[in-house]
Amino acid sequence: MKKNEKTNVMRLLDQKRIVYESHFYTNAISGLEVAAVLGQDPQQVFKTLVTIGKSGQHYVFVVPVEKELDLKKAAEVVGEKKIEMIREKELLPLTGYVHGGCSPVGMKKLFPTVIDSCSEQQKTIMVSGGKIGCQVELTLQELRKVIPFQTADVCACCILEKEQKAGAAYYHPASERPITNT
């Protein structure tokens, strides 16, 4: 994706006069890799997850790339007995986005959205710009001007903690060396 190319997310943010910064990347597959390539703290880079409740209602959860969604906590927050992730093949027809490029902004339909409460500790957060290779960075206040959402603790164990316990090495953007659990 070219740096001067606008996504639908960016056009929507521009239309609403939202202050944001766009970031572009290549050669990153996971959210942690996106954070590393962009030189950002993984606690600031968020992924958008779409779920379905036992009632049939869809919900959007926005959580840091270094964490996982706790389905029990998430269900409780939205008042469902149980929720589960939607199938990848359902994502595009439901939201208009592909896996890896799903943004909470500009979905085909507005779904109840919950952003993990750890976002409140960040000056800005980064979410998908609506295409793989693009992120937009903005404050929660600016994001709230575009989509209604609530914040709540919906995360489980940190992915980095799990990888470190398993002895895997990863590169933190602020570090020149791999971080391991040895």
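To keep things clear, this report deals only with the structure shown in the data block.

Counting residues in each nonpolar core, the largest one holds 29 residues, and the members touching the most others are Leu13, Val136, Leu138 and Leu143. Elements with a contribution of two residues or more to this core: α1 (8-15), β2 (46-53), β3 (58-64), β7 (125-128), β8 (134-138) and α5 (140-144). Setting aside residues up to four positions removed in sequence, Leu143 forms contacts with Val105, Ile115, Ile125, Leu138 and Phe149.

Turning to α1, a few remarks are in order. Those residues of α1 that fall on the buried side of the exposure criterion are Val9, Met10 and Leu13. Burial along α1 is one-sided: seen end-on, the buried residues are contained in an arc of 95°. The exposed residues of α1 that point more than 90 degrees off its buried face are Asn8 and Gln15. Structurally, α1 contributes buried residues whose contacts are with β1 (21-24), β7 and β8. Arg17, located one to two residues past α1, shows a positive phi value of around 60°.

Sheet strands line up and pair through hydrogen bonds in the backbone, either parallel or antiparallel. With antiparallel pairing, three strands are arranged side by side in an open sheet as β1-β8-β7. Sheet topology places β1 and β7 at the edges, where each strand pairs with a single neighbour. Taking each pair of neighbouring strands and ignoring which way they run, the sheet shows an average axis angle of 30°. Taken together, the four bridges between β1 and β8 define a ladder with antiparallel strand orientation. When the bridges of β8 are listed, Glu21 appears paired with Glu137. Sitting on the sheet, α1 touches β1, β7 and β8, and the angle it makes with β8 is about 25°.

Reading the values: rules and limits
- Residues numbered from 1 in each chain as written.
- Predicted model: local features only at pLDDT ≥ 70, side-chain atom pairs only at ≥ 80, totals over all residues.
- Heavy atoms only, no water.
- Core = buried A, V, L, I, M, F, W, Y, C linked by side-chain atoms within 4.5 Å.
- Buried < 20%, exposed > 50% of the residue type's maximum accessible area, 1.4 Å probe, protein only.
- Helix = DSSP H or I, 4+ residues; strand = E, 2+ residues; numbered from the N terminus.
- Contact = heavy atoms within 4.5 Å.
- Arc of directions from axis to C-beta.
- Pairing = 2+ DSSP bridges.
- Axes fitted to C-alpha atoms, helices over the stretch in contact; angles between N-to-C directions.

By themselves, these observations are geometric and do not establish any function.
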